[in-house]
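The chain contents come next:
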Amino acid sequence: LVRVEAITVGKELLTGRTTNTNATWLGKRITRLGTTIGEITTVDDDLGEISMALRSSLSRSSDFVIVVGGLGPTPDDMTLRGVAMAVGRGVRVDQRALALMKDHYARRGLGGVVFTEAREKMATIPEGSTPLRNDVGTAPGAKLEVGNSVVFCLPGVPSEMKSIFLSSVEPEIRGKVGTLHRSKTTFRLEGIFESDLAPMISKELREHPGSYIKSHPRGLREGVSRIEMDVAVVRKEKRDGDAEVGEIVDHIVSRVVEKGGKLKQRKGGQPVRRGG
Ligand code: ATP
């Protein structure tokens, strides 16, 4: 399985001033590719914290680590230095990164812009890394290979992060994962408690390795317990995945019916054959 991790950097994410929408967006996007993010860490704008988080991700043999935020011109933007520190490298002004920035300014009619120290900082990337074109903002991203892992550093501004992810990161992950299809369904059960459902879920997870089966309690209505269920599998063929999801749902529903519960509704996929 391809392992992806993300590190989101920024004090504002820890204090709650900014909602970490980049983490949820990356989670969804990467899941859609047929793999999952194994871990998302959020750290302060602090060299030691950034570097420790990256070392820790690399120690888990992550294939891809996506580090987001802190690429800007201000002193609290220190992600690239933290990343370099984690892998025992230095940082240096990269001519290709400067060229990308010059191009960015020129496209906005700001060809004469002076490369102050603060601007040059955005082109200062870890030794051995490749700058990534930012079509939306100023700071280029960076890609760095470390052993068998690839580390991507992306800006924190959501539109910039998404743009570089789609152009430079997603194709690489897709290439490693291969083309896989994710089959999934969501359905609602009534009249069963989560604790009675737990052993049924465990049984299906054992019988369908790699499947995702999750219950989300939705509270009681007139004393009747309601639970929303997500079932997903990732398989090479859509046909096989859809059939397996159908099988899992059938098994769970028939056991729920035996326990006196019922299937309330199902979104997407084929109608479920009722058991019991
Ligand atoms: P730039 O190069 O444009 O300065 P940056 O890489 O320095 O970007 P940050 O300074 O970390 O990015 O954040 C810029 C903006 O993006 C801030 O308004 C911040 O709140 C927002 N932001 C940063 N990280 C996230 C995140 N994980 N989710 C949502 N918004 C974020």
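Residues numbered from 1 in each chain as written. Predicted model: local features only at pLDDT ≥ 70, side-chain atom pairs only at ≥ 80, totals over all residues. Heavy atoms only, no water.

## Quick word on the pairing of strand E1 (residues 4–9)
Inference 1: Across the 6 residues that make up E1, a large majority, 6, are buried.
Inference 2: The alternating pattern of E1 places Val4, Ala6 and Thr8 and Glu5, Ile7 and Val9 on opposite faces, both of which are buried.
Inference 3: In this sheet, strand E2 (residues 37–43) lies alongside E1 in parallel orientation, the contact comprising 6 bridges. Bridging across to E2, Ala6 finds its partner in Ile40.
Inference 4: In terms of strand pairing, E1 meets strand E3 (residues 64–68) through 5 bridges, oriented parallel. What sits directly across from Glu5, in E3, is Val65. (Buried < 20%, exposed > 50% of the residue type's maximum accessible area, 1.4 Å probe, protein only. Helix = DSSP H or I, 4+ residues; strand = E, 2+ residues; numbered from the N terminus. Pairing = 2+ DSSP bridges.)

## Some details on the sheet that holds E2
Inference 1: What the 6 strands build is an open sheet, ordered E2-E1-E3-E8-E7-E6; its pairing is mixed. Unpaired on one side and paired on the other, E2 and strand E6 (130–132) mark the two borders of the sheet. Averaged over all pairs of adjacent strands, the angle between their axes in this sheet comes to 20°, without regard to strand direction.
Inference 2: In the packing of helix H4 (residues 79–86) onto the sheet, contacts are made with E1, E3, strand E7 (141–146) and strand E8 (149–154), and the angle to E8 comes to roughly 165°. (Axes fitted to C-alpha atoms, helices over the stretch in contact; angles between N-to-C directions. Contact = heavy atoms within 4.5 Å.)

## Re the site of the ligand
Inference 1: Taken together, 18 residues surround the ligand, and among them Asn20, Gly70, Leu71, Gly72 and Gly156 come closest.
Inference 2: Between Thr21 and the ligand, the recorded distance is 3.3 Å, taken from a backbone N or O atom to a nitrogen atom.
Inference 3: Measuring from an oxygen atom of the ligand, one finds a backbone N or O atom of Leu71 at 2.8 Å.
Inference 4: Relative to its unbound accessible area of 620 Å², the ligand is 77% covered by the protein chains. (Near = heavy atom within 4 Å. Polar contact = N/O pair within 3.5 Å; in protein donor to acceptor, adjacent residues only side chain to side chain. Areas by Shrake-Rupley, 256 points an atom, 1.4 Å probe, with all protein chains shown as cover.)

## Thoughts on the packing of aromatic side chains
Inference 1: Following the criterion strictly, the structure yields 3 aromatic pairs and no others.
Inference 2: Considering the side-chain rings of Tyr105 and Phe115, the 5.9 Å spacing of their centres and the 75° angle between planes classify their relative orientation as edge-to-face. Here Tyr105 is found in helix H5 (residues 95–107), whereas its partner Phe115 is found in the loop between H5 and helix H6 (117–121), with 10 residues between them in sequence.
Inference 3: Tyr105 sits in the buried class, given a relative accessible area of 7%.
Inference 4: Taking relative accessible area as the criterion, Phe115 reaches 22% and is therefore assigned partly exposed. (Phe/Tyr/Trp six-rings, centres within 6.5 Å; stacked < 30°, edge-to-face > 60°.)

## Here's the deal with the pairing of strand E11 (residues 224–235)
Inference 1: Where burial is concerned, most of E11 is hidden: 9 out of the 12 residues are buried.
Inference 2: Bridge count between strand E9 (residues 181–190) and E11: 10 bridges; the pairing is antiparallel. What sits directly across from Phe187, in E11, is Met229.
Inference 3: Relative to E11, strand E10 (residues 212–221) is paired through 8 bridges, and the arrangement is antiparallel. Bridge pairing in E11 places His216 opposite Glu228.
Inference 4: Following E10, the chain reverses through 2 residues before pairing antiparallel with E11; Glu222 in that reversal takes a positive phi of roughly 45°.

## Notes on the confidence of the model for the protein
Inference 1: Per-residue confidence for the protein averages 92 on the pLDDT scale, and 96% of its residues sit at or above 70.
Inference 2: In this model residues 269–276 is a low-confidence stretch, pLDDT under 50, and it forms 12 contacts with partners more than four residues away in sequence or in other chains. (pLDDT = per-residue confidence, 0-100.)

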